[in-house]
Amino acid sequence: MVTVPEQQLVQLQNTLVAVAHAANISIGAPCAHCERSYLMAADGLLFCPHCNYRRSL
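Residues numbered from 1 in each chain as written. Predicted model: local features only at pLDDT ≥ 70, side-chain atom pairs only at ≥ 80, totals over all residues. Heavy atoms only, no water.

(A) Fine view of a nonpolar patch on the surface. A contiguous nonpolar patch, built from Leu-16, Ile-27 and Tyr-38 and spanning about 280 Å² of accessible area, is present on the exposed surface. As for its placement among the helices and strands, Ile-27 is situated in strand S1 (residues 26–30). A relative accessible area of 35% means that Ile-27 is categorised as partly exposed. (Patch = residues over 30% accessible without salt bridge, like charges linked within 9 Å, V, L, I, M, F, W, Y side chains within 5 Å. Areas by Shrake-Rupley, 256 points an atom, 1.4 Å probe, with all protein chains shown as cover. Salt bridge = Lys/Arg side-chain N within 4 Å of Asp/Glu carboxyl O. Helix = DSSP H or I, 4+ residues; strand = E, 2+ residues; numbered from the N terminus. Buried < 20%, exposed > 50% of the residue type's maximum accessible area, 1.4 Å probe, protein only.)

If you want it as structure tokens, here you go:
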């Protein structure tokens, strides 16, 4: 049986994937610098939306 928090997490994940796809952004691994967000990739740049870590691809 799926709990309400698990269902909400799945809903948020599905929404995030759709928004990233629409914005042409890829979602990668967790940020090794802050571990508070996943890294995102767009326009040749890998970045963390939480701690602002950035590097070129």
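(B) Just the pairing of strand S2 (residues 38–42), in detail. Burial analysis of S2 places four of its five residues in the buried class, which makes it a mostly covered element. One ladder, built from three bridges, connects S1 with S2; its direction is antiparallel. Bridged to Pro-30 within S2 is Tyr-38. Pairing geometry for S2 and strand S3 (residues 45–47), over three bridges, is antiparallel. Along S3, the bridge assignment pairs Ala-41 with Leu-46. Here S2 folds back onto S3 in antiparallel fashion, the turn holding two residues, of which Asp-43 has a positive phi close to 50 degrees. (Pairing = 2+ DSSP bridges.)

(C) Spatial organisation of the sheet that holds S2. The sheet built from four strands is open, its strands ordered S1-S2-S3-S4 with antiparallel pairing. The open sheet terminates on both sides in strands that have one partner only, identified here as S1 and strand S4 (54–56). The mean inter-strand angle of the sheet, taken between neighbouring strand axes irrespective of direction, is 25 degrees. Where S3 and S4 come together, three bridges link them in antiparallel fashion. Across the sheet, the residue bridging to Leu-45 is Ser-56, located in S4. (Axes fitted to C-alpha atoms, helices over the stretch in contact; angles between N-to-C directions.)

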